[in-house]
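Reading the structure
Each chain, written out:
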Amino acid sequence: MTDLPHLGLYRRATAAALLVAPVLFLLDNIIHPTEYERDNEARQLAEIGAHHERWQLAHALGFLSILVFAAAVLGLAFLVRRRQPRLGLWAGALSVVGLMGLAAVITIDGYTWGVLGEVYQRRGVAPESTEIALHQVQHSDWSLLYYFTPLAWIIGLAMLGIGAARQGAVPPWAGALLALGGLMVGIETAVISNAYFIAAAAVLSAGSIAVAAALARMSNEDFARGG
């Protein structure tokens, strides 16, 4: 497998994606306006309305981060699959599915809430109607499909991080930190706190960058062999 074409490109692209994606996600959470617990529609809409451009920008950065993470997990799946074929295949598939769920969630919470917050501030708009609309968006059972899908991201990224560490491709602590960061980010919808959002993004960044550094130091031949 060491004579596969473009191995160096795949390795460098994976390392770069592991570096860029978490930085974008951390920036998203740093500039994100305050998010309140459910059933605080008036406060939430007022906060979004006062900072609607920053709200939309933060979620746009998060969406871009998810797109870049897709490249990162596919590269890690390639690495892990060299020595652990079934693990690499399942972990890669679960990670991509989970990322699709995260993309849906960040769109619902970003674009939809952002538009409602902007409308909330307009003259002639009944604030009670906008509050009811946000309440329905937050509490609709239709959202469960999108909010539970990111569980696949937690499982898949943990499998990739631990799998890469088990086969000696990355340091054990780096693989464990990547898995922990994925867990913390994956449960963000259950922990409504901007401080937690930033902490989770920081842990994910630390683990992801540590894995990226290991791949950057790795030879193309070792990347093809899985470490």
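Let me sum up the structure you'll find in this document. What you see is a predicted model, and the numbers here were worked out from it, not measured in a lab.

**What to know about empty space enclosed by the protein**
Gaps left between atoms are located by rolling a probe of water-molecule size over the structure's atoms. Evaluation of the coordinates by the stated rule reveals 1 cavity of 30 Å³ or more. What lines the largest cavity is a set of 25 residues, among which Phe25, Leu102, Val105, Ile106 and Glu188 lie closest to the centre. Mapped by element, the contributors of at least two residues to the lining of the largest cavity are helix H1 (7-31), helix H3 (52-81), helix H4 (85-120), helix H8 (172-186) and helix H9 (194-217). Top element by residues in the lining of the largest cavity is H4. It accounts for 5 residues. When the residues that make up the lining of the largest cavity are grouped by side-chain class, the tally is 14 nonpolar, 6 polar and 5 charged.

**Structural notes on the packing of aromatic side chains**
Each pair of aromatic rings is reported with the distance of its centres and the angle of its planes. In this structure the tally under the stated criterion is 4 aromatic pairs. Here the aromatic rings of Trp55 and Trp113 are separated by 6.0 Å at their centres, their planes lie at 15 degrees, and the arrangement is stacked. Of this pair, Trp55 sits in helix H3 while Trp113 sits in helix H4, and the two are 58 residues apart along the sequence. An aromatic cluster of at least three residues, connected via ring pairs, comprises Tyr10, Phe78 and Phe223.

**Here's the deal with a nonpolar patch on the surface**
A cluster of nonpolar side chains, namely Leu19, Val20, Val23 and Ile209, defines an oily patch on the protein surface of about 300 Å² accessible area. Ranked by residue count, the leading element in the nonpolar patch is H1, at 3 residues. By the element assignment, Val20 lies in helix H1. When its relative accessible area of 40% is taken as the criterion, Val20 is described as partly exposed.

**Brief notes about the side chain of Glu47**
With respect to the helices, strands and loops of the structure, Glu47 is situated in helix H2 (residues 41-50). It turns out Glu47 is buried and unbridged, and the closest side chain with the opposite charge, Arg54, is 5.0 Å from it. The residues touching Glu47, leaving out its near neighbours within four places in the chain, are Pro33, Thr34 and Tyr36.

**Quick notes on helix H5 (residues 127-139)**
The end-to-end C-alpha separation of H5 is 18 Å, in line with the 18 Å expected for 13 residues at 1.5 Å each. All of the buried residues along H5 are Thr130, Leu134 and Gln138. Looking straight down H5, one finds that the buried residues subtend no more than 75 degrees of arc, so they occupy a single side. Projecting away from the buried face of H5 at angles above 90 degrees are the exposed residues Glu128 and Ile132.

**A word on the side chain of Gln167**
By the element assignment, Gln167 lies in the loop between helix H7 (151-166) and H8. Judged by relative accessible area, Gln167 falls into the buried class, the value being 10%. There is a polar contact of 3.1 Å between the side chain of Gln167 and the backbone oxygen of Leu79. For Gln167, the contacting residues outside a window of four places in its chain are Leu79, Val80, Arg83, Gln84 and Gly226.

**Some details on the environment of Leu134**
Looking at where Leu134 falls in the secondary structure, it is placed in helix H5. Those residues in contact with Leu134 that sit more than four places away from it in its chain are Glu41, Gln44, Leu45, Trp113 and Leu116.

**Here's the deal with the pattern of salt bridges**
Taken as a whole and assessed by the stated rule, the structure comprises 1 salt bridge. Between Arg225 and Asp222 there is a salt bridge, with its nearest N and O atoms 2.7 Å apart. Taken as a pair, Arg225 and Asp222 lie in helix H10 (residues 220-225) at a separation of 3 residues, close to a single helical turn.

Cut-off values and rules
Residues numbered from 1 in each chain as written. Predicted model: local features only at pLDDT ≥ 70, side-chain atom pairs only at ≥ 80, totals over all residues. Heavy atoms only, no water. 1 Å grid on protein atoms, 1.4 Å probe; cavity = no way out; pocket = protein on both sides within 12 Å on 5 of 7 lines; lining within 4 Å. Points joined across faces, edges and corners; volume = space filled by probe spheres on them. Helix = DSSP H or I, 4+ residues; strand = E, 2+ residues; numbered from the N terminus. Nonpolar A, V, L, I, M, F, W, Y, C, P; charged D, E, K, R; others polar. Phe/Tyr/Trp six-rings, centres within 6.5 Å; stacked < 30°, edge-to-face > 60°. Patch = residues over 30% accessible without salt bridge, like charges linked within 9 Å, V, L, I, M, F, W, Y side chains within 5 Å. Areas by Shrake-Rupley, 256 points an atom, 1.4 Å probe, with all protein chains shown as cover. Salt bridge = Lys/Arg side-chain N within 4 Å of Asp/Glu carboxyl O. Buried < 20%, exposed > 50% of the residue type's maximum accessible area, 1.4 Å probe, protein only. Lys, Arg positive; Asp, Glu negative; His and termini not counted. Contact = heavy atoms within 4.5 Å. Expected span 1.5 Å × (residues − 1). Arc of directions from axis to C-beta. Polar contact = N/O pair within 3.5 Å; in protein donor to acceptor, adjacent residues only side chain to side chain.

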